[in-house]
Amino acid sequence: MTTTEDAPVVAGAAEPQPAGHAAAGATTDVATAVEDVARRAKVASRTLATATRATKDAALLALADALVAATDEIVAANAVDLERERTNGMSEGLLDRLALDGPRIAAIADALRALAGLPDPVGEVVRGSTLPNGLRLRQLRVPMGVVGMIYEARPNVTVDAAGLALKSGNAVILRGGSAAASSNEVIVGVLSRALEAQGLPGDLVQSIDRHGRPGAVALMHARGLVDVLVPRGGADLIRTVVRESTVPVIETGVGNVHVYVDASADRAMALEILLNAKTQRVGVCNAAETLLVHADAAQDFLPAALAALTAAGVVVHGDDRTAGLAPEGTEVLAATDEDWATEYLAPEIAVRVVDDLDAAIEHVRTWTSGHTEAIVTRDLASSERFVAELDSAAIMVNASTRFTDGGQFGLGAEIGISTQKLHARGPMGLAELTTTKWVVHGDGHVRP
């Protein structure tokens, strides 16, 4: 269950209604406060844009150490968030995404240290040439400037966004939602103080959580101060930000993720991949939500797969052919179009038997969110068709969908997984938080 404050930021509902001068004045005050945050972020970003890699890497290592040192404080604040959201009825999958403990904080800190070990994208020459007239051209990677993030119940994203922004030369403004409010307040304070101790502006990492939903609206409208906005969360949140924002948006997507078991698939491999993709962590966007099985593999694969899913506590929604292959003691609920369209983020999965690869591809095309699809097969032609004919951001061949992740791809942490086609697609790491500029050197050249 999502808390009231984390409900979609919808036009006409997100902002206080102008029922009186006080409400209108409060909205104006929030907009002014968020603009002030953005202006300070813009100034801070100019300092970071010219920082050396050594300076940025030292800051990342300092942030990691500071987080580990503040583990007890962060865990205590996180316990407040967890207790409140458990009382509010948040699902177990979302509670898992919200939860922080010592090992998770250590892992988050390690991700910052890994970022410090990656090449600095700023200043990279994307391409260059010398024109026939002697002009020397270079296209260089440069920071975006100020990155805004609107996300839900994911305190680890607070650190990931800060680290990626720092390494790529950007300031970041965070709106993390009420579910993680206590955790994020402590984390942002730790990061800001650590930056200042390194001689960098604390304004490089700021939160507008205190301004609630009106603050999110103000951030979406801060065009000219915020250079790009990245929404990360449920479908309603993402759609609303894309629709309402005047700031350019990189659209991340929900994960209605498919695993297709082809006729030639190694059955043991397919079962292992399926269970990892579905059960390793159910509340994440790269977890499998639909299983498709070729009819020629169904007879000897599905009974074992359904039994294993049930034993793992997964509720199965299936078509008639799936139900007909369910072993004794295994329940299969009747699947509907709503199930094929659903990102469960929970221990539930939709299962369908398909006649052939064509039917599998057609099902995925109909219902996918464009995030990740996987095929398990020993047939090269089938894998090549699956890869060529589906247009999701990531396609896995004989591998779990859980690998669609910036860290797993060697990009360091990620700021999100883009399902759009402009600028960035798939896990967004350092390069995706940069833009480019052209530098042209001449020798008194004038255009004839």
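Since the model is a prediction, treat every value here as computed from it, not as a measurement. (Residues numbered from 1 in each chain as written. Predicted model: local features only at pLDDT ≥ 70, side-chain atom pairs only at ≥ 80, totals over all residues. Heavy atoms only, no water.)

**Remarks on helix α10 (residues 267–279)**
How we decide: Numbering of helices and strands starts at the N terminus; helices are DSSP runs of H or I of at least 4 residues and strands are runs of E of at least 2. Expected span of a helix, by definition, is 1.5 Å for each gap between consecutive residues, and there is one gap fewer than residues. The buried label applies to any residue whose accessible area, calculated with a 1.4 Å probe on protein chains only, is under 20% of its type's maximum; exposed applies above 50%, and partly exposed to all values in between. An arc is given here, and it is the one of the directions from the helix axis to the C-beta atoms. In this analysis, two residues are considered to be in contact whenever any of their non-hydrogen atoms come within 4.5 Å of each other. A 3.5 Å cut-off defines polar contacts: any pair of N or O atoms within that distance qualifies, except that in protein one atom must be a possible hydrogen donor and the other a possible acceptor, and neighbouring residues in sequence count only when both atoms are side-chain atoms.
Given a rise of 1.5 Å per residue, 13 residues ought to cover 18 Å, and the 18 Å separating the end C-alpha atoms of α10 matches this to within 8%. Those residues of α10 lying buried are Ala270, Ile273, Leu274, Ala277 and Lys278. Along the axis of α10, the buried residues cluster in a sector spanning 115 degrees; they form a single face. Turned more than 90 degrees away from the buried face of α10, the exposed residues are Ala268 and Glu272. Contacts made by the buried residues of α10 are with β7 (257–261), β8 (288–294), α11 (295–311), β11 (348–354) and β12 (372–376). Sitting at the head of α10, aspartate 266 places a side-chain oxygen 3.1 Å from the backbone nitrogen of alanine 268.

**What to know about the domain arrangement of the protein chain**
For clarity, the threshold we go by: What marks off one domain from the next here is an automatic or database domain assignment. As used here, buried area is the combined drop in accessible area, with a 1.4 Å probe, of two parts when they are placed together.
Each assigned domain of the protein chain is listed here: domain 1 (30–244) and domain 2 (258–410). In this structure, domain 1 and domain 2 have C-alpha centres spaced 33 Å apart. Contact with domain 1, which involves 5 residues of that partner, is made by 6 residues of domain 2. With both sides pooled, the region where domain 1 packs onto domain 2 buries about 480 Å², and carbon together with sulfur makes up 45% of that total.

**Concerning the packing of aromatic side chains**
Which entries qualify depends on this criterion: Between the rings of Phe, Tyr and Trp (Trp by its six-membered ring), a pair exists once the centres lie within 6.5 Å; its type follows the angle of the planes, with under 30 degrees stacked, over 60 edge-to-face, and the other angles tilted.
A full pass over the atoms with the stated rule returns 1 aromatic pair. Aromatic pair tyrosine 260 and phenylalanine 386: ring centres 6.2 Å apart, planes at 15 degrees, arrangement stacked. In this pair, tyrosine 260 is assigned in strand β7 and phenylalanine 386 in helix α15 (residues 380–389), connecting sequence segments 126 residues apart. Overall, tyrosine 260 belongs to the buried group, its relative accessible area being 1%.

**Thoughts on the nonpolar core**
Selection rule: Residues grouped as a nonpolar core are buried Ala, Val, Leu, Ile, Met, Phe, Trp, Tyr and Cys residues, joined through side-chain atoms within 4.5 Å.
Counting 73 residues, the largest nonpolar core has Leu67, Met149 and Ile173 as the members making the most contacts within it. In contact with methionine 149, not counting residues within four places along its chain, are Val157, Ala161, Val172, Ile173, Leu174, Arg175, Leu219, Leu229, Val230, Arg232 and Ile415. Counting 27 residues, the second largest nonpolar core, distinct from the first, contains Leu291, Val293, Ala298 and Val351.

**Quick notes on the confidence of the model for the protein chain**
Threshold: The pLDDT score gives, residue by residue, the confidence of the prediction method on a 0 to 100 scale.
With 94% of its residues at a pLDDT of 70 or more, the protein chain has an overall mean of 90. Across residues 1–23, confidence stays below pLDDT 50; counting only partners more than four residues off in sequence or on other chains, it has 45 contacts.

**Describing α15**
What α15 keeps buried is the set Ser382, Ser383 and Phe386. On an axial view of α15, the arc spanned by its buried residues comes to 100 degrees, and they lie on one face. Those residues of α15 that are exposed and aimed more than 90 degrees away from the buried face are Leu380 and Ala388. Close packing links the buried residues of α15 with β7, α14 (357–367), β12 and β13 (394–397). Sitting at the head of α15, aspartate 379 places a side-chain oxygen 3.0 Å from the backbone nitrogen of alanine 381.

**Things to note about the pattern of salt bridges**
For clarity, the cut-off: Within this document, salt bridges are pairs made up of a side-chain nitrogen of Lys or Arg and a carboxyl oxygen of Asp or Glu, the two lying within 4 Å of each other.
Throughout the structure, instances matching the rule amount to 22 salt bridges. With its nearest N and O atoms 2.8 Å apart, the salt bridge here joins arginine 53 to aspartate 57. Placement of both arginine 53 and aspartate 57 in helix α2 (residues 53–69) is noted, with a separation of 4 residues, approximately one turn of the helix. Its relative accessible area of 11% is what places aspartate 57 among the buried residues. Here aspartate 96 ties to arginine 104 by a salt bridge, and the two come within 2.7 Å at their closest N and O atoms. A residue is classified by how much of its surface remains accessible, and aspartate 96, at 27% relative accessible area, is partly exposed. A cluster of three or more residues bridged by salt bridges with shared partners is formed by Asp358, Arg365, Arg385 and Glu389.

**Examining the packing of helix α3 (residues 71–87) against helix α7 (residues 181–197)**
Selection criterion: Where helices are involved, their axes are fitted lines through C-alpha atoms of the stretch in contact, as for all axes, and angles between N-to-C directions lie from 0 to 180°. Roughly parallel covers angles under 35 degrees, roughly antiparallel covers those over 145, roughly perpendicular covers 65 to 115, and oblique covers all other angles. For a crossing to be left-handed, the near helix must be turned anticlockwise from the far one by less than a right angle; the clockwise case is right-handed. The nonpolar class holds Ala, Val, Leu, Ile, Met, Phe, Trp, Tyr, Cys and Pro. Asp, Glu, Lys and Arg form the charged class, and all remaining residues, Gly among them, are polar.
With their axes 7 Å apart at the nearest point, α3 and α7 run at an angle of 160 degrees to one another. Accordingly, the angle class assigned to the pair α3 and α7 is roughly antiparallel. In this structure, α3 crosses over α7, and the sense of that crossing is left-handed. Judged by residue contacts, Glu73, Ile74, Ala77, Asn78, Val80, Asp81 and Arg84 of α3 engage Ala181, Ser182, Ser183, Val186 and Ile187 from α7. Classifying every residue of the contact of α3 with α7 gives 6 nonpolar, 3 polar and 3 charged.

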